Structure formats: structure tokens, C-alpha cells
Amino acid sequence: MSEQDTPTYAGPKRVFSGIQPTGNLHLGNYLGALKKFTTLQNDGWDCVFCVVDLHAITMPFDQSQLANQTRQIAAAMMASGVDPEKSVLFAQSSVRVHTELTWIFDSVARMGWLEKMIQFKEKSGKDAERSSVGLFNYPVLQAADILAYKATHVPVGEDQRQHLELSRDIADRFNREYGAPDFFPLPEALTEGPGARIMSLKDGTKKMSKSDPAENSRINLIDDADTISRKIKKSKTDTLGDMPTDIDGLEGRPEVANLVGIYGALANMTDEQVLAEYGGKGFGTFKPALADLAVDHLAPITSRMRELMDNPDEIDAALRSGAERADAIAEPVMEEVRRIIGFWRP
């Protein structure tokens with residue numbers, strides 16, 4: 001579709017993003033998402049942040065822990081600087097528009113679009129027929145999450161860019177099919193910036209993951225200072241010598257590049273600036289410095305997160321208020337969708 005054919009959306013600029021309540025959040029989640037949420041909020045964006053518990057049930061999960069894991073994700077967001085007074089923070093399942101709009105979009109999206117989704121193939125593995133319909137339909141629910149709030153921008157990693165493109169396709173097809181050319185915006189990806197892709201401390205070619213069985217592969221937000229320091233000092237490097245003196249020296253050294261990237265993201269420095277300070281020095285100098293930096297940065301977040309988890313009423317109050325505010329945005333959008341489609345209205 002050419003820019004000339006694309007209608008101009010005249011509504012407010014709004015950011016939407018969500019995190020699944022599965023496993024402990026780690027440094028990669030913080031630098032790739034939570035820190036950015038706070039920056040966007042403090043830069044004056046209209047922000048809607050969601051704990052996507054409906055997405056969480058598309059794969060096997062522990063139903064006895066789901067509510068508490070939802071609180072934990074909300075606590076991590078709040079501890080990282082998301083202010084429930086400035087941003088809308090809520091649990092996805094508490095706003096029914098998400099599921100209703102998903103059904104509408106199911107009737108707009110095409111099977112061929114979903115069959116191309118790489119993430120479904122990765123998560124379902126070789127036995128796709130035994131996967132839930134929900135896992136297959138995951139990207140349509142994601143589109144509903146974004147478009148229920150007419151979000152114009154979504155901070156995404158590389159693994160979610162294909163899903164965002166699907167959201168744009170669904171929005172465009174709805175607008176055209178139902179004669180509402182400027183109703184839904186075509187959401188845009190926000191640029192990732194430094195620190196958006198943090199890799200495993202044990203394998204610099206793999207993304208840091210909550211599901212990695214190796215506990216030392218990641219720094220969890222609930223780790224204490226000693227644990228953070230120990231994990232960084234034990235992190236994998238290589239046998240190719242000391243810290244490189246320039247960017248070219250990071251080529252072929254993924255574990256070293258990862259540690260440099262982590263330092264830069266925590267210190268708000270470029271890789272070049274980090275190497276200007278530590279290039280040519282041994283890892284016995286660099287790793288302790290990185291450990292001290294990580295502890296100083298994360299300790300207040302960990303402390304606040306633990307404090308919130310010890311006081312779940314504060315989290316619940318924030319999520320309850322956020323759900324009311326989210327519904328106040330999404331329900332008028334959904335009512336207009338019903339009208340556009342032509343459903344009978346009472």
C-alpha cells in the first residue's frame with residue numbers, strides 16, 4: 001500500500017505494550033521493555049501498559065499462580081518507574097473488549113496471514129496439531145490489544161515485528177472492508193535503541209530468557225546484590241584476549257559484545273564510549289565494574305518490587321483503577337466498531 005493510499009489517522013499518539021505473567025522478569029526485560037516504558041511515560045506519551053494474562057493461557061500454565069504472577073509483573077513495572085497515575089496499567093482479562101474485538105478481527109484476518117507467523121511455528125514445534133487454537137490465534141488477540149486503544153506506536157523487539165505487521169494489515173482491512181477509512185490507526189514500531197536485545201550470560205548468540213533452565217544465564221529482577229554480582233563475574237567471555245579497543249574488535253565475540261551492550265544500556269553510554277573506557281583492559285577489571293553498575297542500578301528496583309509484593313493490596317488497587325481507565329478508553333472504541341459493522345444495538 002503506498003503512502004498516497006494510506007489514510008491519515010488524526011487521533012492522539014498513544015503507546016501500547018504488554019508483558020506476559022510467566023516466569024521471573026530479568027535484566028533483558030528491564031532494559032528491553034520496562035526501562036523504555038518509564039522513558040516513554042516521562043517523555044509525555046499517552047501510555048497504556050498491560051499484563052497480558054489472556055496470552056499466558058495459550059500455553060501450559062499453573063492456574064494457582066496466575067493471579068500472583070500478574071501481580072509480580074505489575075510490581076516490576078511499578079518498581080521500574082511506571083506510575084499508575086500517569087500511565088494506564090491493568091490486567092488484560094479485566095477489560096472484556098480485548099476478547100470481543102478479537103472475534104471481530106478473526107472475521108477480518110485471513111488464515112494465510114496467520115499461517116506465516118514464525119513465532120507460532122517456533123512455539124508449537126513439530127506437533128503443531130496439538131497446539132491450542134489460542135496459540136495459533138495469538139497475533140489476532142495482540143492486534144485487538146493494540147487497536148482497542150487505537151494505539152499508534154508499539155515498542156517491539158525483532159521477534160514481534162511480524163505480529164505488528166499483522167496488526168497493521170488487520171487495521172487496514174477493517175478500515176477498507178467496512179468503509180471506515182480512518183477509524184483504526186496503522187500502528188508503528190518504536191525504534192529499539194541501545195540495550196533492547198540482551199543476550200544470555202552463558203551464550204551470547206541466544207536471547208536472555210525466562211525459560212532458560214540455566215539460572216546463571218540471566219539476572220532476575222528479584223536477585224539480590226550478591227547474586228547479581230556473582231552471575232556477572234561468572235558470565236562467559238572467551239579466550240581471545242582482553243577487552244577490544246574498538247567496535248570492530250567485538251566482531252566474532254558475541255559474549256563480550258553482550259557485556260559491553262549491558263554496560264552501555266545501564267550507563268546510558270554507546271558501545272564506543274564503553275570501549276574507550278575499558279578497551280585493552282582485562283575482564284578482571286571490566287566484570288567487577290559491570291557488576292557494581294548493575295547492582296547500583298537494579299538494587300532500588302528489586303527493593304521496591306519486594307516491598308510491593310509484600311503489600312499486594314497496593315498492586316491490586318493500581319490494577320483495579322487501571323482497568324477502569326482502560327475500559328473507559330476501549331469501550332467507546334468497541335461500541336463504534338459494533339455500529340460500523342451494523343450490529344443491532346439496544
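Residues numbered from 1 in each chain as written. Predicted model: local features only at pLDDT ≥ 70, side-chain atom pairs only at ≥ 80, totals over all residues. Heavy atoms only, no water.

The chain carries the name Tryptophan--tRNA ligase in an unreviewed UniProt entry, which gives Henriciella barbarensis as its organism. Taken verbatim from the UniProt record of the chain, the Subunit (unreviewed entry) comment is "Homodimer." Turning to the chain, the UniProt annotation filed under Sequence similarities (unreviewed entry) states: "Belongs to the class-I aminoacyl-tRNA synthetase family." (UniProt positions renumbered as here; feature names shortened; annotations may be inferred.)

Colleague: Describe in detail the environment of Ala 257, supporting the description with residues and values.
Modeller: Along the polypeptide, Ala 257 turns up in helix α10 (residues 254–267). When the C-alpha positions of Ala 257 and Ile 247 are compared, they lie 8.9 Å apart, and in sequence the two are 10 residues distant. (Helix = DSSP H or I, 4+ residues; strand = E, 2+ residues; numbered from the N terminus.)

Colleague: Describe unusual backbone geometry, and please don't skip the residues or the numbers.
Modeller: Positive phi values are uncommon outside glycine, yet Lys 150 reaches one of about 50 degrees. Checked against the element boundaries, Lys 150 lands in the loop between α7 (133–147) and β4 (153–155). Unusually for a residue other than glycine, Asn 268 sits at a positive phi of about 55 degrees. Mapped onto the fold, Asn 268 is located in the loop between α10 and α11 (271–278). Owing to a relative accessible area of 63%, Asn 268 belongs among the exposed residues under this scheme. (Buried < 20%, exposed > 50% of the residue type's maximum accessible area, 1.4 Å probe, protein only.)

Colleague: An account of the packing of aromatic side chains is needed here, citing residue identities and associated values.
Modeller: Throughout the structure, instances matching the rule amount to 12 aromatic pairs. An angle of 45 degrees between the planes, with centres 4.9 Å apart, marks the rings of Phe 174 and Tyr 178 as tilted. Ring geometry for Tyr 263 against Phe 286: centres 5.7 Å apart, planes inclined by 35 degrees, an arrangement best described as tilted. Taken together, the residues Tyr 263 in helix α10 and Phe 286 in helix α12 (residues 283–309) connect sequence positions 23 residues apart. Under the relative-accessibility criterion, Phe 286 is labelled buried at 0%. It is Lys 150 that lies over the ring of Phe 183; its NZ or CZ is 3.8 Å from the centre. (Phe/Tyr/Trp six-rings, centres within 6.5 Å; stacked < 30°, edge-to-face > 60°. Lys NZ or Arg CZ within 6 Å of the ring centre and 35° of its normal.)

Colleague: Can you break down the state of the cysteines residue by residue, with the values?
Modeller: One pass over the structure, following the stated rule, counts zero disulfides. No disulfide involves Cys 47; its nearest neighbouring cysteine sulfur is the one of Cys 50, lying 14 Å away. By relative accessible area, Cys 47 is classed as buried at 1%. Since its relative accessible area comes to 0%, Cys 50 is described here as buried. (Disulfide = S-S within 2.5 Å.)

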